[in-house]
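The primary structure of each chain is shown beneath.
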Amino acid sequence: MMVECWRNVKPVSVVGGAVFLEDCTDSSCSVPEWGSVDRSEWFVDSHGVKNAAYYWKLIVRSAVGSGDTEDHIAFWMPNHESAKASAIDDYVVSVEELEANLAK
């Protein structure tokens, strides 16, 4: 909904992706919401794909005029049933935090 509202005013760019545990080289990359269960291989037998641990999204609203500023919002969301739209504020992160999470 946010993208639809922002794009009515200024140009919007949206990028995002999935993060898999094997992409991570840092031991802090666990998914606390998964508890002691590794969900990364839930769909390997049935679908031939691994299950992402996290999803991320960056929304940027461009500056379009003199004195205008660029706006942005970033999200880092666990791939878990507890990640609901009603809790979206829990998943807002700074761009710096998103970059740090992706660099792990």
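Source: prediction; values computed, not measured. Here, residues in each chain are numbered from 1, in the same order as that chain's written sequence. At least 70 in pLDDT is required for a residue's local features to be given in this predicted model, at least 80 for side-chain atom pairs to be given and counted, and no such filter applies to totals for whole chains, interfaces and linings, which use all residues. Heavy atoms throughout the structure, all of them, feed into the side-chain values; hydrogens and water do not.

## Here's the deal with the confidence of the model for the chain
Model confidence for the chain is summarised by a mean pLDDT of 82, while 86% of its residues fall at 70 or above. For every residue, the predictor reports its confidence as pLDDT, a number between 0 and 100. In this description a helix means any DSSP run of H or I spanning at least four residues, a strand means any run of E spanning at least two, and both kinds are numbered starting from the N terminus. Across the chain, the secondary-structure element scoring lowest on mean pLDDT is helix α1 (residues 2-7), at 64, and the one scoring highest is strand β4 (residues 92-93), at 96.

## With respect to the sheet that holds strand β2 (residues 54-61)
Strands are labelled as partners when DSSP assigns at least two bridges between them. With antiparallel pairing, four strands are arranged side by side in an open sheet as β1-β2-β3-β4. Unpaired on one side and paired on the other, β1 (12-19) and β4 mark the two borders of the sheet. Note: β1 against β2, eight bridges, orientation antiparallel. Bridge pairing in β2 places V15 opposite L58. The strands touched by helix α3 (residues 95-103) within the sheet are β1, β2, β3 (71-78) and β4, with β3 carrying the most contacts at an inclination of about 40°. Note on contacts: a residue pair qualifies if any of its non-hydrogen atoms lie within 4.5 Å across the two residues. Angles run from 0 to 180 degrees between N-to-C directions of axes, and those axes are lines fitted to C-alpha atoms, restricted for helices to the stretch in contact.

## Some thoughts on the nonpolar core
In globular proteins that are soluble, nonpolar side chains generally tend to be buried together. Throughout, nonpolar core names a set of buried Ala, Val, Leu, Ile, Met, Phe, Trp, Tyr and Cys residues whose side chains join them through atoms within 4.5 Å. When a residue's accessible area, from a 1.4 Å probe over protein chains only, is under 20% of the maximum for its type it is buried; when over 50% it is exposed; and in between it is partly exposed. Residues Y54, W56, L58, W76 and L98 are the most contacted members of the largest nonpolar core, which totals 13 residues. For this core, the elements supplying multiple residues, two or more each, are β2, β3 and α3.

## What to know about the pattern of salt bridges
The rule for a salt bridge is simple: a side-chain nitrogen of Lys or Arg has to be within 4 Å of a carboxyl oxygen of Asp or Glu. The full count for this structure, using the stated rule, is one salt bridge. Close ionic contact of R61 with D71 constitutes a salt bridge, the shortest N to O distance being 2.1 Å. Remark: D71 occurs in strand β3 and R61 occurs in strand β2; sequence separation between them is ten residues. Judged by its relative accessible area of 15%, R61 is buried. Its relative accessible area of 23% is what places D71 among the partly exposed residues.

## Considering the pairing of β2
Within β2, six of the eight residues are buried, which leaves the element mostly enclosed by the surrounding structure. In this sheet, β3 lies alongside β2 in antiparallel orientation, the contact comprising eight bridges. Within the sheet, the bridge partner assigned to R61 lies in β3 and is D71.

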